[in-house]
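Spelled out, the chains give:
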Amino acid sequence: MSDSGGSVSGQGEGAGPAGPPGAGDGTRAVRAGLPKPVRHEPTLPGPVFAAHFHLPGEVTGPYAYGRDDNPTWTLLERAIGELEAPGREGVETLVFASGMAAVSSVLFSQLSAGDTVVLPEDGYQALPLVRGQLEAYGIEVRTAPTRGDAQLDVLDGARLLWIESPSNPGLDVCDIRRLVEAAHARGALVAVDNTLATPLGQRPLELGADFSVASGTKQLTGHGDVLLGYVTGHDTQAMAAVRHWRKIVGAIAGPMEAWLAHRSIATLQLRVDRQNASALVLAGALRKRPEVTGLRYPGLPDDPSHKVASQQMRRYGCVVSFTLPTRARADRFLDALRLVDDATSFGGLRSTAERRGRWGGDPVPEGFIRFSVGAEDPEDLVADVLRALDESDS
Ligand SMILES: *Cc1c(COP(=O)(O)O)cnc(C)c1O
C-alpha cells in the first residue's frame, strides 16, 4: 500500500488509501473514502450531527452550515467517487436525500426554458412526473426507447441526453459510448442513471458521460433501510450548478443515512458478486419453465442486451425480469414465495419481487415480474421460486 497516497480519488488532502492503483474491486470497496489513520480515532468516523459548525470571524473552510456541507458526506462522496471514477483527477461527487433528488438536481440545474432534453421512454417510473415539471418550466422533452440506441434519432438540438442503462424494469441496454459521441458532437451533455449497475457494474464517466447519477437506495447500500442519491461528474461548472441546486432546494442526505451508506459500501463487492451470480443462476432456472416468457437478464449470453452490455458493463446486475401468463398467476406466484418478499425497490440483501403493473406507470404486461435477487443461498432461492411456480399453476 506504499504507493497509495492521498491522490487516489483526486479529491484532495486527507483522502485515505483506497488501495494501490489497479487494486481489485473488493480492496477498493472496503477502503473507499476512508480518512488517513489517526491514532485513537475510528477507521470510519461516526456520523457528524450538526446544523452549524463553530465559525468565529471570517467564513473560511467548507464546514459552516449543515445544508451546504457535512464531514460525513465528504467521506461518502469520496468513497463513491473512488468507485465511479478510479484514479481520475478532478471528479466531484455530491450526495442527496434520494435518487430522485439527485436526478432532479441534474435536470433542473442544467436546463432552462427553451432548452431541449432527451429522456428514455422506458426509464424509471418517476421520470414522467419530472417530465411534466420540466414542460411546465418551458423545457422541451423528447423521449425514445433505450433499446436499439433509439435516442440517437431525437438528439438534434438537445442540451442534455439522459440515459438509463440497463433500463428499469425492462433491462434494455444502449451503447453508451455511441450515444455519448453523438450527443457531444451536437454539444449536448450526457447523464447516465447508474442505479441498476452500481459503480462496480458500470463506470459511465469512463464511457464518456458527463454525469453518473444514481439512487443509493438500491444495491449501493443494499439493506433496504436507507434512501440516498448521488451525482458524480467531472465538469467543474456543471457540478457547481448541481451543488447550487442542492443548496437552494435543500434535498440533503441526513448524516445517519450518509454514514450507513458508507458503512454498506464496504460490502458492495461481496454483495454485488453474490447477488449477480445468483441472478444468473435464477435466470437459467427460469428459462426452462414453459410458463415463463419474456425472460430478461443482460448476463444471459442470448439476451438481447448481452452483446452491448458485455462491451460496457463489468457486471450485469441483480435484477431479472419475466412475464407470467396472467395477472392472477403472477399474484399467486408472489403469494406462494417464502424467501422472497413482495415489495418494490431492488438490490437488497433479501430477495424481493413484485408485479410491476400494479404501479400503473410502466409499459409492461399484467403478468410482468421484476425480481431482485438477494444474498440467500442460490439453491434455496431457486427451489423456492420453482415451488412457487408449481403451486401457482392452478
Ligand atoms: C429507484 C430509482 C430512482 C429513484 O431513486 P430514489 O432513491 O427512490 O429516489 C432513480 N432511478 C432508478 C433507475 C431507480 O431504480
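Residues numbered from 1 in each chain as written. Predicted model: local features only at pLDDT ≥ 70, side-chain atom pairs only at ≥ 80, totals over all residues. Heavy atoms only, no water.

With that out of the way, let us pick up the packing of helix H3 (residues 99-110) against helix H6 (residues 236-249). For the pair H3 and H6, the least separation of the axes is 9 Å and the interaxial angle reads 115 degrees. Overall, the two elements H3 and H6 adopt an arrangement that is roughly perpendicular. Note that H3 runs across H6; the crossing there is right-handed. Mapping the contact onto sequence places Ser104, Ser105, Val106, Phe108, Ser109 and Gln110 in H3 and Ala238, Ala241, Val242 and Trp245 in H6. (Axes fitted to C-alpha atoms, helices over the stretch in contact; angles between N-to-C directions. Helix = DSSP H or I, 4+ residues; strand = E, 2+ residues; numbered from the N terminus. Parallel < 35°, antiparallel > 145°, perpendicular 65-115°, else oblique. Left-handed = near helix turned anticlockwise from the far one by under 90°. Contact = heavy atoms within 4.5 Å.)

Looking now at the site of the ligand. Near the ligand you find 13 residues, and of these Met100, Asp193, Ser215, Thr217 and Lys218 are the closest. Measuring from an oxygen atom of the ligand, one finds a backbone N or O atom of Met100 at 2.8 Å. When isolated, the ligand has an accessible area of 380 Å², and the protein chains bury 94% of it. The site holding the ligand turns out to be the largest pocket. A per-class count over the shell around the ligand returns four nonpolar, six polar and three charged. (Near = heavy atom within 4 Å. Polar contact = N/O pair within 3.5 Å; in protein donor to acceptor, adjacent residues only side chain to side chain. Areas by Shrake-Rupley, 256 points an atom, 1.4 Å probe, with all protein chains shown as cover. 1 Å grid on protein atoms, 1.4 Å probe; cavity = no way out; pocket = protein on both sides within 12 Å on 5 of 7 lines; lining within 4 Å. Sits in = over half its atoms within 2 Å of the grid points. Nonpolar A, V, L, I, M, F, W, Y, C, P; charged D, E, K, R; others polar.)

Attention shifts here to the sheet that holds strand E8 (residues 293-296). Each strand in a sheet pairs with another by means of backbone hydrogen bonds, the pair being arranged parallel or else antiparallel. Judged by pairing direction, the sheet is mixed, and its five strands sit side by side in the order E8-E9-E12-E11-E10 without closing on themselves. If you trace the sheet from one side to the other, it starts and ends with E8 and strand E10 (341-342), each paired once. Alignment of strand E11 (residues 352-355) against strand E12 (residues 368-372), held across four bridges, turns out to be antiparallel. When the bridges of E12 are listed, Ala353 appears paired with Phe371. Seen against the sheet, helix H8 (residues 268-286) touches E8, strand E9 (319-323) and E12 and runs at an angle of roughly 15 degrees to E9. (Pairing = 2+ DSSP bridges.)

On to empty space enclosed by the protein. To find leftover empty space, one rolls a probe the size of a water molecule over the atoms. Taken as a whole and assessed by the stated rule, the structure comprises one cavity of 30 Å³ or more. Volume-wise, the largest cavity comes out at about 40 Å³. (Points joined across faces, edges and corners; volume = space filled by probe spheres on them.)

With that settled, the discussion passes to the packing of aromatic side chains. Scanning all chains against the criterion turns up four aromatic pairs. Ring plane angle 80 degrees and centroid distance 5.8 Å describe the contact between Phe108 and Tyr137, whose orientation is recorded as edge-to-face. Taken together, the positions of Phe108 in helix H3 and Tyr137 in the loop between helix H4 (127-136) and strand E3 (140-144) put the pair 29 residues apart, joining distant regions of the chain. According to the relative accessible area criterion, Phe108 is buried, its value standing at 14%. Overall, Tyr137 belongs to the partly exposed group, its relative accessible area being 48%. Judged by centre distance (6.0 Å) and plane angle (75 degrees), the rings of Phe322 and Phe333 are edge-to-face. Of the two residues, Phe322 sits in strand E9 while Phe333 sits in helix H10 (residues 327-336), which places them 11 residues apart along the sequence. A relative accessible area of 0% places Phe333 in the buried class. Ring-pair connections join several aromatic residues into one group, and the members of that group are Phe108, Tyr137 and Trp245. (Phe/Tyr/Trp six-rings, centres within 6.5 Å; stacked < 30°, edge-to-face > 60°. Buried < 20%, exposed > 50% of the residue type's maximum accessible area, 1.4 Å probe, protein only.)

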